[in-house]
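# Structural description and commentary
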Amino acid sequence: MSQATLTPSSAPVPAPAERQYQRHDKPLWRRTLLRTESAIILAIVLLLVIATFTVPFFAQPYTYQTMILNSAPVLLMLLPVTLIIITGDIDLSVGSVLGFSSAIFGLAFQAGIPIGVAAVLGVLAGGLVGVLNGVLVTIVGLPSLAVTIGTLALFRGIAVGLLGTTSVTDFPTDITRAMTAPLGGLPVPVVTLAIVVLALLFGALLHFTPFGRGVFAIGQSPENAAFSGVRVNRTRLILFVMSSLVAGATGVYFTLQYSNAIGTNGFGFELQVVTAIVLGGVSIWGGRGTILGALAGGVLIAALNKTLQLAGIGSDTISIVTGAALIFSVVVASVAGFISRRRRSKATAVVAVGT
Amino acid sequence: MSVTHTVPPIEAGRSPLQKVLRAREFGLVVLIVALIAVTTAVQPTFLFSDGGWRELLRQPTILILIALGEAIVIITRNIDLSIGSILCLSTYTSGWLFANVEGIPIVLVVVIGVALGAFLGLINGLLVAFLKVPSLVITLGTLYAYRGIAILWIGPQFIRSSWLPPEFRALGTMQWASIPVLLILVLIVVLIVGWFMTSRRAGRDLYALGSNPEAAKLFGLSERRLTLNAFVTSGALAGLGGLVYLSIYATGDARVGTGYELEAVAAAVVGGVAIVGGSGTIWGVALGAFFLATISSALPVLGVPSLWQQAIVGIFIVGAILLDRVLFLSRTRRAKRKGSES
Amino acid sequence: MTEAPLLQLDGVSKSFGAVAALVRADLALEAGSIHALVGENGAGKSTLVKIIGGLYQRDGGEFTLEGESVDFHSTRDAKEAGIAVIYQEPTLFPDFTVAENIFVGRQPYTKLGLLDRAKMRRETRELTQRLGVPIDPDREARGLSIADQQVVEIAKSISVGAKVIIMDEPTAALSGVEVDRLMGIARQLRDEGKGLIFISHRFDEVFSLCDTITVMRDGTYIATNTTTETTEDAIIRQMVGRSVENLFPKQETTVGEAVLEVTDLTSVGVFENVSFTVRSGEIVCFAGLVGAGRSEIARAVFGVDRYDSGSVRIGGKAVPPKNPAAAMRLGMGFVPEDRRKQGLAMDAGVQSNITLAIRDSLSKFGFITSSLEEPSARTWASRLQVKTHALDTEASMLSGGNQQKVVLGKWLATQPSILIVDEPTRGIDVGTKAEVHRLLSELAGTGVAVLMISSELPEVLGMADRVLVVREGRITAEIAREQATPENVMYAATHAPADNSTETAA
């Protein structure tokens, strides 16, 4: 059989004149500055600058130390959930998985299992939930929203049920102290390293691998992805497992950070995770977004929280700020989308006439 | 298209008895009766004591109310996660009114509480209907925002029973023919909402929208108007739920209603409302709510620590959506087989 | 005495942007008659129906109903004026009962303010019985066959007192018995004095059912014939209307060895015992009616859909079922029918679209960057003359023809040995169409095996080395290029094979 070779040199079309394309439609400054990520990062910088000059005691290493410590669980968990949201699914169970893993870890440790093994058990417990979520969503074909609302209640319930009103607190102090210790001589805790490394890993996976291309393709059009050879269900399953593994690991970390395994650990974190991601410009419809944006969204909420707390307005206002920020971001995105659609429909009209 | 095609036979109508036996409502009634019977066998006072009887009938009222609203929203292919926060604001506003407005009529407070809920629901509805943003995101935002307003306003304070007029407090314990008046009032609401959803065109339109949005558009139904209606109703019912909470517990702080949104979703799903919209009855939802509320009071009696209650709620949510999926698949498979076999 | 027709269109036109969907459409429907509207795909029939049904507003021309000029601004306006449209895929509410679907929006109430379900049930039963198809009024619409859903839609239109009933290719997805039943209903409605517009590609149906036949071509009215005074050949001539050959620059190629071999492929209820071969350098066309099962076969071959039995081989190697990635590795490419949903990510740029299917081969050490993608994207965009100035222009900003070029580029970039193209020129302008045809022809010239699905007869006849006619999920005829004529392909697509003689194994 004569294998058809269709290299560019044996082109099927005798191209009359080589057509020239710019690589990008818009200049570099517009592509980098006029986007959600830049706006969020700018907002973070402004906030920190203003807070440094106006809020007493803000400009101290301790501020940054606690700010990151408080927000670390959300910053870690939002990374894989960002990928899930880009495929058009959602995972609302991460907060409960954190609690579940924390409970398993605590109980295993209490039962005399070496702390390292107990930690692995905690992480694996999380991974198991991910398999359950993933199977229900892909093989059974249930909507991810319904499934993860169900497992949100289920695994929180199991965590609370397992530990009851008790808690496990007698973790070795050298380990718990190490969890909150500063990283080298920097004004940030050790966990910062984990956040940075995981962010780089997930960022690379999403933006610089064929797998990541598939993730975007699924979110933009699942049918097109399937037609282009993307293993749609396998990708979704893998992401649910990743998400729960990270949430499980975060559960172990969280337990050690506060030296406390209780059933309510991580309660409500799923909402903070989703808020940070949407605030960071990731489309809840799927197909659009960046790890950088999601992470910046998480940091902005953390910074706002810390500032308000130190300004004496009370940490309770965090929920109002989170909610307002979320609504604000979707309103802006919606209005921007409306305007660009208007502009686009005019542009295509011109193109159509031109051809 | 296929060679095996012929005219499918006409579905033989099931007998009315079969229909009743197959309905979700029947299954729930059986479950509820069984649950009460077993629990009472273990601990007779669960049913056969003044307090036990009253608690059994009074405790589910709040969940029934908010589940009804949640169900209406889900039927239109949306979700409302803010009802717990709305309930909290309604509870505290009502308590505050009693404390700060001398001699305010109870009826007026009830109206204000419900209207407040409806207003907060309207905000949800406007954002969802006009921004074309998924209701999940919007109501996640308002869940925080409304709760934040409550925390900011209430702070560490809480409603004291001394704030409330004795007539209002009496409402919580009043009985008529040994049935708590609150339950009777809630059942009236269930009847009205159920009547509206099953027997009025406006209610049927909500089902139509959730069942096939494309066809609804082609038919000329206004998606915006229907979405607004659903969220306003959901908010109003959450507002009413806040008043029932106040009359039962005669207290309340900034954390009232935390997590109620999930219980409401659970009750709706267990009651037979499909999470993808378009189907489910109000009667099923009321029974689903009653069932879940009864489980939580029965568990301690049965020797299961009440801490496991949430896990059981979770099992019922996952189980109910799985069951719906399996039933749906077998039904379509049967319909397909009938279409091609004969 | 001449009465005004029930419905009359005179010189109606409609454009979308620069594309004229209707140039000059005329139609006169008499009460108590069935009027066929025929024409090739893209002739403007559907646009015309949507204007009558109130979904689109016409740009120009006259539209009168019972002698009075009308202007519909919504589907509701048209409905109230007594016009009912039954689409090929009916739009029922799956969770409602059959009875409620018929009465939706105008459900009757009892004195107690409840829905009068008994009345709905009774009237539904009467209506469906009158139509000769007693469907249980209490069953859910979900799971009803398309034929039964159409009956429900017809019952609804009678129930609201429609005077004009339009059926847009109602028989495309129906079996023989169901078609007979539908035609019986249509005759009954005609005898009751209603005016029916019937759109169909099947001439046997058109000739046995309709009183008059209006032919359209390229958005323009061609002729109205009285059925008794015309022949199938005359209608086909009016529809095709142009010389076929010179539009298509078919290259002479040397046909090589078999590349794609499909044996006894069956998917129960969809297609059955499909066997064919496509050889290197050969263009094979699947001809047939919309809904005959052509795309379904192709999708199963590629692995997007499942199948129950049979086998697919490329160059002798078995292609695993339900695994497009594996089919792609063995050298198969697939340009799908619906480019907006299946062929492209509309929100993504030209570059990401072109490189999606080759993302694995472009990556280095498991990583892929925009810089690694760019050369391929540039090459293929340029080869195909995609009209855009930047590689990150979103696909949604391109015209239909340019979008299709991006899809073709995406699949040519995979360097396939067998390329399946499903309706490659649907809805694109004439200039791009010719480019696509030249491209496919030259592609075959380089030794690629091409399987093309097309509903446009001239395209099939102009491009194909062999025509395989698919009818009701089976390949019913194989016609070589030299023997293929519009008449014999159309005939094979619209008529059941006389007996076993036309059954072929390719």
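Note that this is a predicted model, so its numbers are computed, not measured.

## Concerning the overall build of chain A
For chain A, the count of helices and strands is 14 helices and zero strands. Beginning at the N terminus, the succession of helices and strands in chain A can be written as α-α-α-α-α-α-α-α-α-α-α-α-α-α. Burial analysis of chain A (355 residues in total) assigns 53% to the buried set. Pairs at least 24 residues apart make up 76% of the contacts formed inside chain A by residues separated by at least 6 positions. Just so you have it, chain A exposes about 14,700 Å², and 70% of that area is on carbon and sulfur atoms.

## Details of the nonpolar core
By size, the foremost hydrophobic cluster in this structure holds 187 residues, and its most contacted members are Leu78, Val273 and Ile277 of chain A together with Leu68, Met197 and Phe291 of chain B. By residue number, the principal contributor to this core is helix α3 (residues 61-86) of chain A, which donates 15 residues. Setting aside residues up to four positions removed in sequence, Ile277 of chain A forms contacts with Leu78, Val81, Thr82, Ile85, Val282 and Ala294 of chain A. By size, the runner-up hydrophobic cluster in this structure holds 132 residues, among which are Ile154, Ile158, Leu189 and Val274 of chain C.

## Points about the domain arrangement of chain C
As assigned here, chain C comprises domain 1 (7-92 + 144-240), domain 2 (242-331 + 418-506) and domain 3 (338-415). Each of domain 1 of chain C and domain 3 of chain C was reduced to a C-alpha centroid, and the two centroids are 40 Å apart.

## Observations regarding the sheet that holds strand β16 (residues 332-335) of chain C
Residue and element names in this part refer to chain C. The strand order across the open sheet formed by six strands is β16-β17-β18-β13-β19-β20, and the pairing between neighbours is mixed. Here the strands that pair on one side only, and so sit at the sheet edges, are β16 and β20 (474-480). The average angle at which neighbouring strand axes cross in this sheet is 20°, direction not considered. Each of β13 (283-288), β16, β17 (418-422), β18 (449-453) and β19 (466-471) is contacted by helix α9 (residues 294-302), which is oriented at about 145° to β16, the strand it contacts most. Where helix α15 (residues 400-412) meets the sheet, it contacts β16 and β17, and its direction lies at approximately 175° from that of β16.

## Let's talk about a nonpolar patch on the surface
Taken together, the side chains of Leu185, Ile188, Ile192, Trp195 and Phe196 of chain B together with Leu112 and Leu114 of chain C make up a nonpolar region of the molecular surface, amounting to roughly 650 Å² of accessible area. In this fold, Ile188 of chain B is placed in helix α9 (residues 181-199).

## Comments concerning the sheet that holds strand β12 (residues 271-279) of chain C
All names here are of chain C. Overall, antiparallel pairing links the four strands, which are arranged β12-β11-β14-β15 in an open sheet. Two strands close off the open sheet at either side, each with one partner strand: β12 and β15 (317-318). Pairing geometry for strand β11 (residues 258-267) and strand β14 (residues 309-314), over five bridges, is antiparallel. When the sheet's bridge partners are listed, Thr263 is paired in β14 with Ser311. In this fold α9 packs onto β11, β12 and β14, with an angle of close to 70° to the strand it touches most, β12.

## Examining the confidence of the model for chain C
The predicted model of chain C has a mean per-residue pLDDT of 85, with 93% of residues at 70 or higher. Taken as a whole, residues 499-506 of chain C scores under 50 in pLDDT and shows 16 contacts with residues more than four places along the chain or in a different chain.

## Points about helix α8 (residues 191-207) of chain A
Residue and element names in this part refer to chain A. Here α8 is 17 residues long and its end C-alpha atoms lie 24 Å apart, about the 24 Å a rise of 1.5 Å per residue gives. Within the span of α8, buried status applies to Val191, Thr192, Ile195, Ala199, Phe202, Gly203, Ala204, Leu205 and Leu206. Among the structural elements, α3, α9 (210-220), α11 (232-257) and α13 (291-310) are those in contact with the buried residues of α8.

About the thresholds
- Within each chain, residue numbers correspond to sequence positions counted from 1 in written order.
- Ligands are numbered from 1 and chains lettered from A, in the order in which they are written.
- The predicted nature of this model means local features are confined to residues of pLDDT at least 70 and side-chain atom pairs, given and counted, to a pLDDT of 80 or more, with totals for whole chains, interfaces and linings taken over all residues.
- Side-chain calculation: all heavy atoms of the structure are included, whereas hydrogens and water are not.
- A run of H or I in DSSP becomes a helix once it reaches four residues, and a run of E becomes a strand once it reaches two; helices and strands are each numbered from the N terminus.
- Each residue gets one of three labels from its accessible area relative to the maximum for its type: buried under 20%, exposed over 50%, partly exposed in between, using a 1.4 Å probe on protein chains only.
- Whether two residues touch is decided by their heavy atoms; if any such pair falls within 4.5 Å, the residues are in contact.
- Accessibility throughout is a Shrake-Rupley quantity obtained with a 1.4 Å probe, and a residue counts as covered only by protein chains that appear here.
- Put simply, buried Ala, Val, Leu, Ile, Met, Phe, Trp, Tyr and Cys residues joined by side-chain atoms within 4.5 Å make one nonpolar core.
- Delimitation of the domains relies on an automatic or database domain assignment.
- Any two strands between which DSSP finds at least two bridges are classified as paired.
- Axis definition: a line fit to C-alpha positions, over the contact stretch in the case of helices; interaxial angles, taken between N-to-C directions, run 0 to 180 degrees.
- Patch construction takes residues with relative accessible area above 30% that form no salt bridge. Like charges are linked within 9 Å, and nonpolar side chains (Val, Leu, Ile, Met, Phe, Trp, Tyr) are linked within 5 Å.
- Throughout this description, the term salt bridge denotes a Lys or Arg side-chain nitrogen within 4 Å of a carboxyl oxygen of Asp or Glu.
- Each residue carries a pLDDT score, the predictor's own confidence in it, on a scale running from 0 to 100.
- Here a helix's expected span is defined as the number of its residues, less one, multiplied by 1.5 Å.

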